[in-house]
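# Inside the fold
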Amino acid sequence: MTDDALIDGRGLRLVRGGRELLGGLDLHLTQGERLFVLGPSGAGKTTLLHALLGFVPFAAGSLSVFGQARSRERDFAPLRGPLGLLFQDAGDQLFGPTVAEDVAFGPLNLGASASDAAAIAATQLDRLGIARLADRPVQALSGGEQRLAALAGVLAMRPRVLLLDEPTNGLDAGATERLLAALAETGLSMIVASHDPVCVAALASRRIELRDATHAGC
Ligand SMILES: Nc1ncnc2c1ncn2[C@@H]1O[C@H](COP(=O)(O)OP(=O)(O)O)[C@@H](O)[C@H]1O
Ligand SMILES: [Mg+2]
């Protein structure tokens, strides 16, 4: 592993519902990279992102994140925050009650005071251009607003790497543009599961296809 490797997976195998999704993937992410994971629906993109956080076990292979081997729950728990996952369905990520409270929840959980957490939430909402949504109930948001609010919650945890699951899915052109600009502006390394050509063109520094990736290093 090189010194700047953030994620280094070797021979990763994933099995779901008795079906092999990954047969031995070498996955590498270095500082500053924006790696796109392509592959048809059902290829295992979401499962791979979840497995990097320990939500789904790898059936074989070795995984190192931030220079440390990760195999047991106690190895993965500290990654939830530093590896910031934006869910495929923003509705699964937001639990409210208001946008500001939702975004403040992460920092509060990390030990910030109520006023510091509120300040962090306000900063992130402002940065994403959605300060006006702060007091809205999360259920009262459009799809694009939900995705931006969910991203604010992820960024409020001060991640080192973003894991983005179809981030522009279902967004109109305006919301897509704002989200992509916000993501580029973070300067963070990221793994993105997306087929959206606009998203790929705006962000990708490298791409892998899951079908091919099961047979080749990447
Ligand atoms: N909880 C689960 N239990 C069993 N199979 C699952 C589960 N979640 C997803 N799968 C299956 O795993 C495969 C990969 O799904 P997924 O990772 O969501 O693919 P993608 O994100 O590439 O569309 C699909 O065949 C899906 O039906
Ligand atoms: Mg998916």
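Note that the structure is predicted; figures quoted are calculated from it, not measured.

### What about the site of ligand 1?
- Close contacts around ligand 1 come from Arg16, Arg19, Leu21, Pro40, Ser41, Gly42, Ala43, Gly44, Lys45, Thr46 and Thr47, and that covers them all.
- With respect to ligand 1, the backbone of Ala43 contributes an N or O atom lying 3.2 Å from an oxygen atom.
- One of the side-chain nitrogen or oxygen atoms of Thr47 is found 2.5 Å away from an oxygen atom of ligand 1.
- When isolated, ligand 1 has an accessible area of 560 Å², and the protein chains bury 60% of it.
- Mapped by element, the contributors of at least two residues to the shell around ligand 1 are strand 2 (19-30) and helix 1 (45-52).
- A per-element tally of the shell around ligand 1 places helix 1 first, with 3 residues.
- Of the residues that constitute the shell around ligand 1, the class distribution is 3 nonpolar, 5 polar and 3 charged.

### Quick look at the sheet that holds strand 9 (residues 206-209)
- Spatial strand order, 6-7-8-3-9: 5 strands in an open sheet with parallel pairing. Only two strands of the sheet have a single neighbouring strand rather than two, namely strand 6 (83-86) and strand 9. The average undirected angle you get between the axes of adjacent strands in this sheet is 15 degrees.
- Two strands pair when backbone bridges link them, and strand 3 (residues 34-38) and strand 8 (residues 189-193) are joined in this way by 4 bridges, in the parallel orientation. Bridged to Val37 within strand 8 is Ala193.

### A few points about the pairing of strand 1 (residues 5-16)
- Relative to strand 2, strand 1 is paired through 9 bridges, and the arrangement is antiparallel. Opposite Leu12, over in strand 2, you have Leu25 as the bridge partner.
- Hairpin remark: strand 1 followed by strand 2, antiparallel, with 2 residues in the connecting loop; positive phi at Gly17, about 55 degrees.
- Pairing analysis gives 5 bridges linking strand 1 to strand 4 (residues 60-65), with the strands arranged antiparallel. Pairing of Asp8 across the sheet is with Ser64, part of strand 4.

Here is what the cut-offs are and how they apply
- Residues numbered from 1 in each chain as written.
- Chains lettered and ligands numbered in written order.
- Predicted model: local features only at pLDDT ≥ 70, side-chain atom pairs only at ≥ 80, totals over all residues.
- Heavy atoms only, no water.
- Near = heavy atom within 4 Å.
- Polar contact = N/O pair within 3.5 Å; in protein donor to acceptor, adjacent residues only side chain to side chain.
- Areas by Shrake-Rupley, 256 points an atom, 1.4 Å probe, with all protein chains shown as cover.
- Helix = DSSP H or I, 4+ residues; strand = E, 2+ residues; numbered from the N terminus.
- Nonpolar A, V, L, I, M, F, W, Y, C, P; charged D, E, K, R; others polar.
- Pairing = 2+ DSSP bridges.
- Axes fitted to C-alpha atoms, helices over the stretch in contact; angles between N-to-C directions.

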